Amino acid sequence: MEDTVTQFSNCFILRNHEILKEDLFIRHGKILNPESLFYDERRQAELKIDCQGLLICPGLIDIQINGGFGIDFAKISADSNLLEEVTQKLFPYGVTSICPTIVTSPKRVYDQVIPNVKKSKGGKNCANILGLHLEGPFIAKAKKGAHPENCLKDLSNGFQDILDLYGSLENVAIITLAPELDYPHFPVIRECTKQGVIIALGHSEATLEIAEAAVRSGAAMVTHLFNAMNGFHHRADPGFLGLLDSIEHQSVFYGLISDGIHANSQALKLAYRTNKKGMVLVSDAISAMGLKPGEKCWYGQHEIELKDSKAVIAGTDILCGASTSVYHCMKNLIESAKVNLIDALEAATLHPAQALGIADSKGTLDFGADADFVLLNSETLEIRSTWIHGECVYKK
Ligand code: ZN
């Protein structure tokens, strides 16, 4: 059984920025090159699946998700199975990989969560865990958003501050920080990048000049573009928005919450037209995702309620993360910002994988990549089945 070759036929597949009428072959949880199967091994697939004209695209990857369905990832501990609970509920939305995200928290939360979120291969029980995204506490007070001010920290001791708070970086994929705290020599950005952690710039008051210098020192992303950063000023300073079209051919990825609430559709179009290759859709979903209006839940240190389908700090109007899935963000990007299907799919699959430097195995249907994919109706975008490492984890 282990050696079984499965052929998905009568389907379209997204490969190399194109939608092709082509069959997909998988074996051992990987995408297989059928030529070597036919000509070198002189074999055919043992199992054939008729896809009835559906589109196969890579599984969705959400690199900024704080929880969902009433569960806050800041509550992860040694004996909890919160990642399993949340990601199983994301399978119907085509999500196959996530970076569990922790917002600014007291040290005890990092001590409890970080050792217990191991990078791991997914399957029926849980999506692929690509490593933690630690958002804060090394951010600007003036752009803290919903991050608790009493937990914010500076980087006056450089990389030692990172180690003192987070401990090991072994389970960490992304750190969002404000580059002005690491200015002018960026020792933290340099050392984290050297250790394979992606630095995303966010919750910051930095000018474009500082941001560009941070990118030259290794920063590779901008966190939730438009939110928690200086606005675009055409004369004084264009801010992080200027990164979309700068730095001599160096590509910067930028997270975008295209949920219809965190960015106007015209702003989404502007970002898309300026730099579509760097666009990474993120949900920034909090535990409120999947709850009903009026129901309350926890996000880091705050109690949250859903108000007019917006997640706000209970009793206020302060927006606090989002409450839709990355799948809905992708749909909304197509519907409201008129982004074409291929670009929208790649913004939720290929680009996040590229941002993490894992596009040889994730976010792609290239031969040799992990068989994480979704079968969907290319017109209605309805998800019919979700597969992780060649195993069907959801079927409608
Ligand atoms: Zn944020």
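The structure we're discussing is the one just above.
Structure report, in brief. (Residues numbered from 1 in each chain as written. Predicted model: local features only at pLDDT ≥ 70, side-chain atom pairs only at ≥ 80, totals over all residues. Heavy atoms only, no water.)

**Some thoughts on helix 5 (residues 187-194)**
Among the residues making up helix 5, those that are buried are Val188, Ile189 and Cys192. For helix 5, the arc enclosing every buried residue in end-on projection is 95°, short of the 170-degree limit, so these residues lie on one face. With its phi angle positive at about 85°, glycine 196 sits one or two positions after the end of helix 5. (Buried < 20%, exposed > 50% of the residue type's maximum accessible area, 1.4 Å probe, protein only. Helix = DSSP H or I, 4+ residues; strand = E, 2+ residues; numbered from the N terminus. Arc of directions from axis to C-beta.)

**Considering the environment of isoleucine 71**
Along the chain, isoleucine 71 falls in strand 10 (residues 71-72). We classify isoleucine 71 as buried; its relative accessible area is 10%. Distance from isoleucine 71 to alanine 288, taken between C-alpha atoms, is 8.0 Å for residues 217 residues apart in sequence. Apart from residues no more than four positions distant in its own chain, isoleucine 71 is found in contact with Asn66, Leu82, Glu85, Val86 and Ser287. (Contact = heavy atoms within 4.5 Å.)

**Things to note about the environment of phenylalanine 232**
Along the chain, phenylalanine 232 turns up in the loop between strand 16 (221-222) and strand 17 (253-256). Given a relative accessible area of 54%, phenylalanine 232 falls into the exposed group. In sequence terms phenylalanine 232 and leucine 208 are 24 residues apart; their C-alpha atoms lie 9.8 Å from each other. The contacts of phenylalanine 232, once residues within four sequence positions are left out, are Asp237, Pro238 and Leu241.

**Here's the deal with the packing of aromatic side chains**
If you walk through the whole model with that rule in mind, you get nine aromatic pairs. With centroids separated by 6.3 Å and ring planes inclined at 85°, the aromatic side chains of phenylalanine 38 and tyrosine 39 adopt a geometry described as edge-to-face. Phenylalanine 38 sits in the partly exposed class, given a relative accessible area of 28%. Ring centres of tyrosine 110 and tyrosine 166 lie 5.4 Å apart, and the angle between their planes is 65°; this geometry places the pair in the edge-to-face category. On the criterion of sequence distance, the pair formed by tyrosine 110 in helix 3 (residues 107-113) and tyrosine 166 in helix 4 (residues 159-166) is long-range, its members being 56 residues apart. When its relative accessible area of 2% is taken as the criterion, tyrosine 110 is described as buried. For tyrosine 166, a relative accessible area of 4% translates into the label buried. In this structure an aromatic cluster arises from ring pairing among Phe8, Phe373 and Trp387. The ring of phenylalanine 12 has lysine 21 lying over it, and the distance from NZ or CZ to the ring centre is 5.2 Å. (Phe/Tyr/Trp six-rings, centres within 6.5 Å; stacked < 30°, edge-to-face > 60°. Lys NZ or Arg CZ within 6 Å of the ring centre and 35° of its normal.)

**A word on the sheet that holds strand 20 (residues 302-307)**
Taking strand neighbours across the sheet as the criterion, the three strands line up as 19-20-21 in an open arrangement whose pairing is antiparallel. The open sheet is flanked by strand 19 (296-299) and strand 21 (310-313), the only strands paired with a single partner. With strand direction ignored, the average angle separating the axes of adjacent strands in the sheet is 40°. Direction of pairing for strand 20 relative to strand 21: antiparallel, over a ladder of four bridges. Within the sheet, the bridge partner assigned to leucine 306 lies in strand 21 and is alanine 311. (Pairing = 2+ DSSP bridges. Axes fitted to C-alpha atoms, helices over the stretch in contact; angles between N-to-C directions.)

**Some remarks on the coordination of the zinc ion**
On the protein side, the zinc ion has Glu135 (OE), His203 (NE2) and His224 (NE2) as donor atoms, found 2.0 to 2.2 Å from it. Judged by relative accessible area, which is 1%, glutamate 135 ranks as buried. (Donors = N, O, S within 2.8 Å, 3.2 Å for Na, K, Ca; no water.)

**Some thoughts on unusual backbone geometry**
In this structure, proline 137 follows glycine 136 across a cis peptide bond, with omega equal to 10°. Relative to the helices and strands, proline 137 is located in the loop between strand 13 (132-135) and helix 4. Looking along the chain, the bond that leaves tyrosine 183 and enters proline 184 is cis, with omega of 5°. Here proline 184 is to be found in the loop between strand 14 (172-177) and helix 5. The phi dihedral of asparagine 16 falls on the positive side, at around 55°, and the residue is not glycine.

**A word on the nonpolar core**
One finds Tyr166, Ile175 and Leu201 to be the most contacted residues of the largest nonpolar core, which totals 89 residues. If you tally residues by element for this core, the top one is helix 8 (residues 326-337), at six residues. Dropping the residues within four chain positions of it, tyrosine 166 is found in contact with Tyr110, Ile114, Leu134, Gly136, Pro137, Phe138 and Ile175. (Core = buried A, V, L, I, M, F, W, Y, C linked by side-chain atoms within 4.5 Å.)

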